[in-house]
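# Remarks on the overall topology
Letter by letter, the chains look like this.
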Amino acid sequence: MGLTSQSLEYTVIVLAVACVAATVWLWPRLSRRGVGPVLGRLGAILVTQVSIVCALALAVNTNFEFYGNWDELLGNNDKAPVSVSQGGGQYASVGNIKGGLVQPAGPQGLDRVTGLPKGPADKVGKVESVRIVGRRSRAINPGFVYLPPQYFQQQFRRQRFPVMVVISGYPGGIMNLAQHLQVPQNAGRLIAQGRMQPTVIVMVRPTIAPPRDTECVDVPGGPQAETFFTKDLPDAMKSAYRVGHDPSAWGAFGYSSGGTCSLQLAMRNPKAYTSAVSLSGDYAIKDDLTTGSLFGPGPEGAQREREHDLLWRLKNLPVPQISALVASSRKGEADYGDTMKFLHAAKSPMTVDSIILPQGSHQFTTWRREVVPALEWQSQQLTFPQDTQAVAPPRKQGPGAGKGGAPGQQTGPSKAPSASDDKGRRRVEAERPQG
């Protein structure tokens, strides 16, 4: 049974309940004096406590995904060097290339998510459960990849697609993106309604070294999270899927810590991501108990920390040519004040739009109101790639490859300029929550 599987979770819970029941049933027999009864009571207490702790730990891990499988828990991750698969313009299906940068994974909780595409992939799309291998960072991160129906349709078999990298909060995991925010479900509905262009969406968590919160930072002498998100992940996606190669086709999207990462990635690396969505994200990164030391000691560490303060960057460094959407609430969100400062500090060539709710706390109820207009907004920022992929003679295809059709076919709007004021700010109305 997988570490995050429902069967394991239910089995351990049943065993914990059984241990408690057995302890209650046997306690009168163990209440007598003597070495045997005393040892029996101690053993019963120990077994009961261990079973309850295991059940709770498993439930927490299943929800937050600190560890996606047994190998991660036991530290048995494959750390062998890997290589990018090349040749002939053919994209092998995920898992067909040994040592590939995108490899198939178990369900990782995907089997518990409702509303995912069911049916022919060329009609409803598909969600793949994968693990993404970083050549430079040497990190292995779990992920879900949503492929729109057009990815499998004949007329698009040579077409590359724009990409959204959607990042969960911390300590949450990719399950939250599929189960609570329903990112692939919402994207599929918006694409079917013509409100969003066909887009490949890769869903990942912000940390590459769980349970440490790496905050998308390259830690001196430690995890190289920024490198993973700006170099390794794009390389991996380009090696396994038909996705755009130009930064204009790439956007970062996240909530909470994932929103913080999204803004950081785009503002620090505009040649990797040209748009960012931040739902309730922060505008500076600070050390805390979950992060440890992210920047290192001395003046160099202090400078690295300043460079991860986005308000400081807007004041002291050249402004990148990106578009950003930030979301907050006047009441209930601690980041509202900094959000307003960020909106007022933004200047050309950067454009910043906003979703400001009258009231909303730091939770999924708020983010579910914002996710649909945020997906639509980012889709408008991404360029549907103009380049096409050469197609070799027909061969057996898998889930990571498109199917035959007319060359050079294109759909969806290219990046359209938005009407904005002199500082590049506008409002985006949040969709009302569905009943």
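Please read these numbers as outputs of a predicted model, since none were measured by experiment. (Residues numbered from 1 in each chain as written. Predicted model: local features only at pLDDT ≥ 70, side-chain atom pairs only at ≥ 80, totals over all residues. Heavy atoms only, no water.)

As enumerated under the stated definition, the model contains one disulfide in all. A sulfur-sulfur distance of 2.1 Å marks the disulfide that ties C216 to C261. Handedness of the C216-C261 disulfide follows from its S-S torsion of about 105°: it is right-handed. You can see C216 sitting in the loop between strand 5 (200-204) and helix 7 (225-240) and its partner C261 sitting in helix 8 (residues 257-268), a full 45 residues away along the chain. (Disulfide = S-S within 2.5 Å. Helix = DSSP H or I, 4+ residues; strand = E, 2+ residues; numbered from the N terminus.)

Within the element layout of this structure, S168 appears in the loop between strand 4 (163-167) and helix 5 (174-179). Its relative accessible area of 0% is what places S168 among the buried residues. Polar contacts involving the side chain of S168 include one to the main-chain carbonyl oxygen of G172, which spans 3.4 Å. If sequence neighbours within four positions are ignored, S168 has contacts with G173, I174, L177, V204, R205, P206, Y255, S257 and G258. (Buried < 20%, exposed > 50% of the residue type's maximum accessible area, 1.4 Å probe, protein only. Polar contact = N/O pair within 3.5 Å; in protein donor to acceptor, adjacent residues only side chain to side chain. Contact = heavy atoms within 4.5 Å.)

Moving on to the environment of A44. The topology assignment puts A44 in helix 2 (residues 35-64). Leaving out residues up to four positions away in the same chain, A44 has contacts with T23 and L30.

It is generally the case that most residues other than glycine have a negative phi and that most peptide bonds are trans. That bond from P210 to P211 is cis: its omega, 5°, falls within 30 degrees of zero. With respect to the helices and strands, the residue P211 is situated in the loop between strand 5 and helix 7. The omega torsion of the bond from S348 to P349 falls at 10°, within 30 degrees of zero and hence cis. One non-glycine residue, Q182, lies in positive phi territory at about 55°. Mapped onto the fold, Q182 is located in the loop between helix 5 and helix 6 (183-192).

The subject of this paragraph is the pattern of salt bridges. Counted under the stated rule, the structure contains seven salt bridges. Across the pair D235 and R135 runs a salt bridge whose closest N-O atoms are separated by 3.3 Å. Here D235 is found in helix 7, whereas its partner R135 is found in the loop between strand 2 (126-133) and strand 3 (140-147), with 100 residues between them in sequence. Classification of D235 by relative accessible area gives partly exposed; the value is 21%. The class for R135 is partly exposed, based on a relative accessible area of 34%. Salt-bridge contacts for R268 lead to E226; the nearest nitrogen and oxygen are separated by 2.9 Å. (Salt bridge = Lys/Arg side-chain N within 4 Å of Asp/Glu carboxyl O.)

Our next topic: the packing of helix 6 against helix 12 (residues 364-381). Closest axis-to-axis distance for the helix 6/helix 12 pair is 10 Å, and the angle between their directions is 55°. By the angle between their axes, helix 6 is oblique relative to helix 12. In terms of crossing hand, the pair formed by helix 6 and helix 12 is right-handed. In this structure, helix 6 uses V183, N186, A187, R189 and L190 to contact helix 12, whose residues at the interface are V371, V372, L375 and E376. (Axes fitted to C-alpha atoms, helices over the stretch in contact; angles between N-to-C directions. Parallel < 35°, antiparallel > 145°, perpendicular 65-115°, else oblique. Left-handed = near helix turned anticlockwise from the far one by under 90°.)

Bringing the confidence of the model for the chain into the picture now. The predicted model of the chain averages 83 in pLDDT, with 78% of residues at 70 or higher. For the stretch residues 77-97, pLDDT sits under 50, and the model shows 52 contacts to residues farther than four places along the chain or on other chains. Here residues 394-424 is modelled with pLDDT under 50, and outside its nearest four sequence neighbours on either side it reaches 77 contacts, counting other chains as well. (pLDDT = per-residue confidence, 0-100.)

Ring pairs (aromatic) are described by centroid distance and by the angle formed between their planes. In total, this model carries 11 aromatic pairs according to the counting rule given. Look at Y151 and F152: their rings are 5.4 Å apart centre to centre, the planes differ by 70°, and that puts the pair in the edge-to-face class. The pair Y151 / F152 is uniform in exposure class, with both members buried. An angle of 40° between the planes, with centres 4.7 Å apart, marks the rings of Y255 and W367 as tilted. Of this pair, Y255 sits in strand 6 (residues 250-255) while W367 sits in helix 12, placing them 112 residues apart in sequence. Put simply, the rings of Y151, F152, F156, F161, Y241 and F384 pair up and form one aromatic cluster. (Phe/Tyr/Trp six-rings, centres within 6.5 Å; stacked < 30°, edge-to-face > 60°.)

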